[in-house]
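Survey of secondary and tertiary structure
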Amino acid sequence: SLCNWSRNPANASRLATEGTVRAIMQLSLEPSDKIHFYCVAAFRYMSEQPELAISMIDEGAIATISELCSSKTDEFTVTNLAIALVNLTRINGKEGQVVGEAAID
């Protein structure tokens, strides 16, 4: 699955160029808790790889992550999405975009 692939740093470049971020964003709209679980995990793992984190910021994943945070209250989701957002704030040169997406007040 994309979630498992996103855990391996060796896959980051390929995932970034093949539209994985957009795919996870689209899948996160599905009305399935199981799909949300894997999307949340993928967001966290992708945010740990700078190349994928940049893609997440550029593709607008912060809005998707924020939406998931506001619609889910389980500990796994909230914790992993919070970690993803923190990881995205650590990308040098992208601070303006992160602020623009309202991840930081």
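Anyway, here's the lowdown on the structure attached to this text. Since this is a predicted model, take the numbers as computed values, not measurements. (Residues numbered from 1 in each chain as written. Predicted model: local features only at pLDDT ≥ 70, side-chain atom pairs only at ≥ 80, totals over all residues. Heavy atoms only, no water.)

**Focus: the overall build of the chain**
- Looking only at helices and strands, one finds eight helices and zero strands in the chain.
- Secondary structure elements in the chain, listed N-terminal to C-terminal, are α-α-α-α-α-α-α-α.
- Here the chain has a C-alpha radius of gyration of 12 Å; the compact-globule value for 105 residues is 13 Å, and the two agree.
- Overall size of the chain, expressed as C-alpha extent along the three principal axes, is 35 × 35 × 20 Å.
- The 105 residues of the chain split such that 40% are buried. (Helix = DSSP H or I, 4+ residues; strand = E, 2+ residues; numbered from the N terminus. Rg over C-alpha atoms; globule rule 2.2 N^0.38 Å. Buried < 20%, exposed > 50% of the residue type's maximum accessible area, 1.4 Å probe, protein only.)

**Topic: the packing of helix 4 (residues 33-47) against helix 7 (residues 75-89)**
- Their axes nearest at 8 Å, the elements helix 4 and helix 7 cross at an angle of 25°. With respect to helix 7, the axis of helix 4 lies roughly parallel. In this structure, the crossing between helix 4 and helix 7 has a hand that is left-handed. Residues F37, V40, A41, F43, R44 and S47 of helix 4 form the contact with helix 7, whose participating residues are F76, T77, N80, L81, I83, A84, N87 and L88.
- Each residue belonging to the contact of helix 4 with helix 7 can be placed in one class, and the counts come to nine nonpolar, four polar and one charged. (Axes fitted to C-alpha atoms, helices over the stretch in contact; angles between N-to-C directions. Parallel < 35°, antiparallel > 145°, perpendicular 65-115°, else oblique. Left-handed = near helix turned anticlockwise from the far one by under 90°. Contact = heavy atoms within 4.5 Å. Nonpolar A, V, L, I, M, F, W, Y, C, P; charged D, E, K, R; others polar.)

**Quick word on the nonpolar core**
- Among the nonpolar cores identified, the biggest contains 27 residues, and V21, F43, M46, M56, I65 and L88 are the most heavily contacted of them.
- Mapped by element, the contributors of at least two residues to this core are helix 2 (12-17), helix 3 (20-27), helix 4, helix 5 (50-59), helix 6 (61-71) and helix 7.
- A total of seven residues in this core trace back to one element, the largest contributor, which is helix 4.
- Apart from the residues lying within four places of it in its own chain, the contact partners of I65 are F43, M56, L81, A84, L85 and L88. (Core = buried A, V, L, I, M, F, W, Y, C linked by side-chain atoms within 4.5 Å.)

**Considerations on the pattern of salt bridges**
- Under the definition given, this model contains five salt bridges.
- Across the salt bridge formed by D58 and K94, the nearest N and O atoms sit 2.7 Å from each other. Here the residue D58 occupies a position in helix 5, and K94 occupies one in the loop between helix 7 and helix 8 (95-100), the gap between them amounting to 36 residues.
- On the basis of relative accessible area, K94 is assigned to the buried category, the value being 16%. (Salt bridge = Lys/Arg side-chain N within 4 Å of Asp/Glu carboxyl O.)

**Re helix 6**
- Of the residues making up helix 6, those classed as buried are A61, I62, T64, I65 and L68. Burial along helix 6 is one-sided: seen end-on, the buried residues are contained in an arc of 160°. Among the exposed residues of helix 6, those oriented more than 90 degrees off its buried face are E67, S70 and S71.
- Packing partners of the buried residues in helix 6 comprise helix 3, helix 4, helix 5, helix 7 and helix 8. (Arc of directions from axis to C-beta.)

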